[in-house]
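# Working through the structure, step by step
Listed here are the chains, written in short residue letters.
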Amino acid sequence: MSKGNYISKLAFAMHSWLGLISGTFLLLLGLSGSALVFLKEIDHAINADLLQVKQSGKALSLDTLYRKIGKEHPNLAGIAWLNPDAPANEAYEFRLYQNDGKLSTYDLAMVSINPYSGETLREGKLKNLNPSVMYWILQFHWSFQLGIPGLLLATLFGITMLLSCTTGAIIYRKQLWKVLTFRARLKWTNWRTISSSLHRVLGVWALLFNVIIFFTGFWMNKFALDPGYWKKQTITCPLNSLSKQSIDYMLWKAKKSMPALKIKSVYLPTQPGKSFKVTGTMKDQSAFFDTGNSVSIDPGSGQIISMVHLAEKSVGEKLEATFFSIHAGSFGGVPIKILYVIIGLLPGLLSISGAVLWWRKVKKRYH
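If you're wondering where the values come from, they're calculated on a predicted model, not measured in any experiment.

A cluster of nonpolar residues, Ile42, Ile46, Leu129 and Val133, forms a patch on the protein surface that exposes about 330 Å² of accessible area. Tracing the backbone shows Ile42 in helix H2 (residues 39-46). Using a relative accessible area of 31% as the deciding quantity, one classes Ile42 as partly exposed.

Okay, the pairing of strand S3 (residues 108-113) next. Of all 6 residues making up S3, 6 are buried, and the element is well covered by its neighbours. With 6 bridges connecting them, strand S2 (residues 92-97) and S3 associate as antiparallel partners. Across the sheet, Leu96 pairs through a bridge with Ala109, a residue of S3. Linking S3 back to strand S4 (residues 120-125) in an antiparallel pair, the connection comprises 6 residues, with Gly118 at a positive phi of about 80°.

What follows is about unusual backbone geometry. Phi angles above zero are rare outside glycine, and Phe144 is one such case at about 55°. Phe144 gets classed as buried once you look at its relative accessible area, which sits at 6%. Phi angles above zero are rare outside glycine, and Gln145 is one such case at about 55°. As for its position among the elements, Gln145 is in the loop between helix H5 (133-143) and helix H6 (147-171).

Per the stated rule, a full pass over the model turns up 6 salt bridges. Taking the shortest distance from any N to any O, the salt bridge between Asp63 and Arg67 comes out at 2.8 Å. Separated by 4 residues within a single helix, Asp63 and Arg67 lie in helix H4 (residues 62-72), roughly one turn from each other. The class of Asp63 is buried, set by a relative accessible area of 13%. Of the charged contacts, one joins Glu72 and Lys68 as a salt bridge, the two residues approaching to 2.9 Å between their closest N and O atoms. With Glu72 and Lys68 both in helix H4 and 4 residues apart, the pair spans about one turn of that helix. Among the residues examined, Glu72 registers a relative accessible area of 42% and is labelled partly exposed.

To continue, consider the nonpolar core. Phe94, Phe276 and Val278 are the most contacted members of the largest nonpolar core, which has 27 residues in total. Of all the secondary structure elements, the ones that give two or more residues to this core are H4, strand S1 (78-81), S2, S3, helix H10 (247-257), strand S5 (261-268), strand S6 (276-282) and strand S7 (293-297). Beyond its immediate chain neighbours, meaning those up to four positions away, Phe94 contacts Leu62, Leu65, Ile69, Ile79, Ala80, Trp81, Ala109, Met110, Val111, Ile113 and Leu268. Among the nonpolar cores identified, the runner-up in size contains 14 residues, and Leu108, Met134, Ala224 and Tyr229 belong to it.

Okay, the packing of H4 against H10 next. Packed helices, taken two at a time, are described by their axes: the angle between them and the distance between them. Contact geometry of H4 with H10 gives a least axis separation of 7 Å together with a crossing angle of 130°. As summarised for this structure, H4 and H10 are arranged oblique, according to the angle between their axes. Residue-level contacts link Leu62, Asp63 and Tyr66 of H4 to Ile247, Asp248 and Leu251 of H10. The residue makeup of the contact of H4 with H10, split by class, is 4 nonpolar, no polar and 2 charged.

On to the packing of aromatic side chains. What the rule picks out here adds up to 17 aromatic pairs. Taking 6.4 Å as the distance between ring centres and 65° as the angle between the ring planes, the aromatic pair formed by Tyr92 and Phe94 counts as edge-to-face. Here Tyr92 and Phe94 have matching classes, each one buried. On the basis of an interplanar angle of 45° and a centroid distance of 6.5 Å, the ring pair of Tyr97 and Tyr267 is categorised as tilted. Placement of the pair is Tyr97 in strand S2 and Tyr267 in strand S5, with a sequence separation of 170 residues. The exposure class assigned to Tyr97 is partly exposed, which follows from its relative accessible area of 28%. Joined through ring pairs, the aromatic side chains of Phe25, Trp136, Phe140, Phe144 and Phe157 make up one cluster.

Conventions used here
- Residues numbered from 1 in each chain as written.
- Predicted model: local features only at pLDDT ≥ 70, side-chain atom pairs only at ≥ 80, totals over all residues.
- Heavy atoms only, no water.
- Patch = residues over 30% accessible without salt bridge, like charges linked within 9 Å, V, L, I, M, F, W, Y side chains within 5 Å.
- Areas by Shrake-Rupley, 256 points an atom, 1.4 Å probe, with all protein chains shown as cover.
- Salt bridge = Lys/Arg side-chain N within 4 Å of Asp/Glu carboxyl O.
- Helix = DSSP H or I, 4+ residues; strand = E, 2+ residues; numbered from the N terminus.
- Buried < 20%, exposed > 50% of the residue type's maximum accessible area, 1.4 Å probe, protein only.
- Pairing = 2+ DSSP bridges.
- Core = buried A, V, L, I, M, F, W, Y, C linked by side-chain atoms within 4.5 Å.
- Contact = heavy atoms within 4.5 Å.
- Axes fitted to C-alpha atoms, helices over the stretch in contact; angles between N-to-C directions.
- Parallel < 35°, antiparallel > 145°, perpendicular 65-115°, else oblique.
- Nonpolar A, V, L, I, M, F, W, Y, C, P; charged D, E, K, R; others polar.
- Phe/Tyr/Trp six-rings, centres within 6.5 Å; stacked < 30°, edge-to-face > 60°.

Keep in mind these numbers describe shape, not what the thing actually does.
Structure representation (C-alpha cells):
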C-alpha cells in the first residue's frame, strides 16, 4: 500500500469514528447554534408582553436596581447588565453569576426588570425553561445542560469537529476544487450515491465555515480545560459584598474617561476583589470587533484601575476580539444571520449523511 493510500485509509477511519462518536452532539450544537443567531429577536417576540415596558417619567437609577438584585439574590459571584444600549421602552436585562458549589450545575441565571417601576418581570436560572426558552437553549449550547462536565464535553467536541474537518479534507482532497467550481454533481441514482455525493458536496462547502465556528467556540470555552476553574466551582459563593460607590457614579466616570466607547455590557461587582467594568466598541470600530475596549473602576474608592483600548492591543489580541462576533454572526445584518442559520445546520446534515454511509458500509460487510 502506498503512503498516500495509507494516509487516506487512516483519515477515513478517523473521520468515520469521530463522526459516529460526536455526531449526535454536533447535531445538537448545530441546531441550538442556528436558533441562537436570532436569540434576542426570538426572545423578544415570544416575551413581547413582558419585555416591552411603558415609559413613565424618569428611569430608576442603576444603583437602585443593582442593590435590589443584590438583596434578593444574596450569594452572587457577579452581575452583568446585558443591554445598556436598550431603547427607553425595553426592560433591563441582567445576567446573574452564581455558584452553588456543585459541578453538576452551570450556575447562570437572569432577571429582567422594568426600569421605571423596579418590578421584576421575569427571573430564574438558565437551566430552567421558565425565564426564557431561548436562554435555556443558550446554556444548552454551552454545556448541554450538564453543568461543568457538559461545558468540557462541548469544548472537546469542538476539537473533534476540527479533527473531522481535517480528515475530511484529506479524504476529499481530490474533489475540493471540483466541488468549489461546481463541477461535482449530486448523483441521484440510489440512496448510496445520494448520501455519498451529498456528504461530499456539503462537507466541502461547509469546511471553512465549520473550522472557523468550531475553533472560535473551542477557544472561547477553553477555560473548561483548566483544573483551577473546576476547583473554583466547588466553592459555594459567599454572601454579597456590594459596591461602596454608586454604580451610576462609576458608569458616569467610565463614560467620561472614554467618551467614544459604545457600551455593550456593564459588570457589577458583588464580591471583594472584583471591579466595576464597562466593555464595548469604539464608534469607528469594525463590527467584527464585538468588544476589546474597557474601563475598570475600584468599587471601594471609585478610582479608575485600568483603561484598555483595542487599538493598542497586539495583532493576536485583536484577532481574538473578533471571535464572538464571527462565532455568533453578530457582525452583519439579517442576510448574514440567515446565512449563519442555514450553514449552522450543515454539521447535523453531515452527521446524518455520514451515519448513513457508515451503516451501508457495515451492512455490506456482513451480507
